[in-house]
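A look at the structure
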Amino acid sequence: MNVLNVSLDERSYPIFIGCSLRNSADSLMSYIKGDQVLVVSNETIAPLYLENLLKNIDVAKLDTLVLPDGEQYKTMETLNTIFDALLAERHDRSTTLIALGGGVVGDITGFAAACYQRGVNFIQIPTTLLAQVDSSVGGKTAVNHILGKNMIGAFHQPQCVLIDISTLQSLPEREYRAGLAEVIKYGLITDLEFFVWLEKNMSRLLTREDDAVLYAVEHSCRLKAHVVSTDERESGLRAILNLGHTFGHAIETHKGYGKWLHGEAVAAGMCMASDLSKRLGWISDADHERVIALIAKAGLPTAPPEMTTEQFLTLMAVDKKALGGQVRLVLLERLGQAVVSADYGEKLLAATLSPS
Ligand code: NAD
Ligand code: GLY
C-alpha cells in the first residue's frame, strides 16, 4: 500500500492507495475516533462493496444508509435524509461518517459531516476513478442547486482517504472514461511530463492495466495534494484545478444533472479552454491539437452539446470563480501550466462559444 500526505497543519491526513485494501481494517480503525459510525453509500455500490467494508469496522454503533444513485440526487433533500438517519439513530458529535462511493456520495456525505452538529469526522472511500483522483481529496463538499452546480457546500477535510483501485474493475466504461478527464486535467494544468506519459499510456489506461492505473491515480493524487496543501481554500493556486469546469458546469446545468457526466462536461470544457488559449496566442495550434487528440483518445467529448452563446454566458456568470460579475477562466499559458484569467476579451470568448 502506498501512502501520500495532504499537509494542512492539524487538518493533515493520509491518502492510502493500493490494488487491494480488503485487509485495511487497521488503517481504517485508527482513523475512526469515536464508537459510532454511519457508512453512506448508494444502491449501486452497496451491493458490491458494503458488506466487505463493514467487516473491517469494529465499533459499538455501526449504521448504514443507502442513497438513490445519481447526480440528480445530490440535493438538499437527500442531504436531509442523512441528517434524519443520524438523528434517528442518536449519533453524537463523536460519530464518523464514511463515504463509500463516487463523487456524488463523497460530496454529499462530506457536506453532511461538515454540518452535522457543526462538524464531525469523515472518511472517504472513493470507488470511481474520478473520485479517486479528484473529489475525495481536498475537502470540497457540496450539493447542487437547481440554478447552479455545487453551489451549496463547505470545505471539510476528511480524516483519511482509502483508495482501492480494484474497485474500478466494476466501474462502467463510460464512468471510467469520465474519470480520465480529471486525470488528463492534471497533466494540462501542472505537469507536461505527465501529459506526455498519458499520451503514451492511454491505451493501457483504457484497458485498466493495474500498474498504469496505479501510477495515474497516485500521480494525480500527489499533484492534487500539493495544490490543496498550498491553497486549501482556493484563494489562488487551487483554482487551476477547475480547468474546463466553468464551461463544464454550464453544460451540466443546461443539460440537466446526470445527462452529461461531470467528467464528460469537463472534457469538452477543457477543449474549449484550450481553444480560447490558442485564440489568445498562448498555446500553438499544434499544442491545441494534442489536447484534442488525447481527450478524443480517452473516448471523451471534444466539443460541447448544442448551446447558444447566451445560454453559456448566463450559466457561466454563476460560476464560483466569478468576482464582481467578472467571469475568471482557467486557461493554458502553455501545455502543463494553467493560469486563472479574466483577461481574454469578450470577442475571443464568443468565438470559442460559437465557432463558425
Ligand atoms: P458518481 O458518484 O455519480 O458515480 C458514477 C456512477 O458509478 C454512479 O452510478 C455510481 O453508483 C457508480 N459507481 C461508483 N463506483 C462504482 C464501482 N466501483 N463499480 C460500479 N459502479 C460504481 O460520479 P463521479 O464521477 O464519481 O463523481 C461526480 C461528482 O463528483 C459530481 O457531482 C462532481 O461535482 C463531483 N466532484 C467533486 C469534486 C470535489 O473536489 N469535491 C471534484 C470533482 C468532481
Ligand atoms: N476539483 C476542484 C478542487 O478540488 O478544487
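So, here's what we can say about the structure. (Residues numbered from 1 in each chain as written. Chains lettered and ligands numbered in written order. Predicted model: local features only at pLDDT ≥ 70, side-chain atom pairs only at ≥ 80, totals over all residues. Heavy atoms only, no water.)

Points about the overall build of the chain
Tallying secondary structure elements over the chain gives 13 helices and 11 strands in all. Computed over C-alpha atoms, the radius of gyration of the chain comes to 20 Å, within 12% of the 21 Å expected from 2.2 N^0.38 for 356 residues, which places it in the range of a compact globule. Referenced to the eigenvectors of the C-alpha coordinate spread, the extents of the chain come out at roughly 65 × 40 × 35 Å. Relative to its 356 residues, the chain shows a buried fraction of 56%. The contacts of the chain with a sequence gap of at least 6 include a subset with a gap of at least 24, amounting to 75%. Total accessible area on the chain stands at roughly 14,700 Å², and carbon and sulfur atoms take up 51% of it. Distance between charge centres in the chain, computed from 32 positive and 42 negative side chains, equals 2 Å. (Helix = DSSP H or I, 4+ residues; strand = E, 2+ residues; numbered from the N terminus. Rg over C-alpha atoms; globule rule 2.2 N^0.38 Å. Buried < 20%, exposed > 50% of the residue type's maximum accessible area, 1.4 Å probe, protein only. Contact = heavy atoms within 4.5 Å. Areas by Shrake-Rupley, 256 points an atom, 1.4 Å probe, with all protein chains shown as cover. Lys, Arg positive; Asp, Glu negative; His and termini not counted. Charge placed at Lys NZ, Arg CZ, Asp CG, Glu CD.)

Observations regarding the environment of Gly299
Structurally, Gly299 is set in the loop between helix 11 (285–297) and helix 12 (309–316). Through-space distance from the C-alpha of Gly299 to that of Leu206 is 9.1 Å; in sequence the pair is 93 residues apart.

Things to note about the site of ligand 1
Near ligand 1 there are 28 residues, and of these Asp69, Glu71, Lys74, Thr128 and Ser170 occur at the shortest range. One of the backbone N or O atoms of Lys140 is found 2.9 Å from a nitrogen atom in ligand 1. One of the side-chain nitrogen or oxygen atoms of Ser170 is found 2.7 Å away from a nitrogen atom of ligand 1. Coverage of ligand 1 by the protein chains reaches 91% of its 870 Å² of free accessible surface. Residue assignment for the shell around ligand 1 shows that the elements contributing at least two residues are helix 2 (46–55), helix 4 (103–115), helix 5 (129–135), strand 8 (148–155) and helix 6 (173–190). (Near = heavy atom within 4 Å. Polar contact = N/O pair within 3.5 Å; in protein donor to acceptor, adjacent residues only side chain to side chain.)

Things to note about the packing of helix 6 against helix 8 (residues 210–230)
Where helix 6 contacts helix 8, the two axes come as close as 10 Å, and the packing angle between them is 50°. When the axis of helix 6 is compared with that of helix 8, the two are oblique. Relative to helix 8, helix 6 is oriented so that their crossing is left-handed. The residues of helix 8 that touch helix 6, namely those facing Tyr176, Val183, Tyr186 and Thr190, are Val213, Ala216, Ser220, Leu223 and Lys224. Broken down by class, the residue content of the contact of helix 6 with helix 8 amounts to 6 nonpolar, 2 polar and 1 charged. (Axes fitted to C-alpha atoms, helices over the stretch in contact; angles between N-to-C directions. Parallel < 35°, antiparallel > 145°, perpendicular 65-115°, else oblique. Left-handed = near helix turned anticlockwise from the far one by under 90°. Nonpolar A, V, L, I, M, F, W, Y, C, P; charged D, E, K, R; others polar.)

Re the site of ligand 2
If you check the shell around ligand 2, you find Asp134, Lys140, Lys224, Glu234, Arg238, Leu241 and Asn242 and nothing else. Separating a nitrogen atom of ligand 2 from a side-chain N or O atom of Asp134 is a distance of 3.2 Å. Here Arg238 contributes a side-chain N or O atom positioned 2.7 Å from an oxygen atom of ligand 2. A total of 200 Å² of accessible area belongs to ligand 2 in isolation, and the protein chains cover 90% of it.

A word on the pairing of strand 8
Where strand 7 (residues 140–145) lies against strand 8, 5 bridges are found, and the strand directions are antiparallel. Within strand 8, the position partnered with Thr141 by the bridge is Ala154. (Pairing = 2+ DSSP bridges.)

Details of the packing of helix 7 (residues 192–206) against helix 11
Their axes nearest at 10 Å, the elements helix 7 and helix 11 cross at an angle of 15°. Considered as vectors, helix 7 and helix 11 are oriented roughly parallel to each other. Seen along the crossing, helix 7 lies across helix 11 with a hand that is left-handed. Residues Phe195, Val196, Leu198, Glu199, Met202, Ser203 and Leu206 of helix 7 touch helix 11, and the partners they reach there are Arg290, Val291, Leu294 and Lys297.

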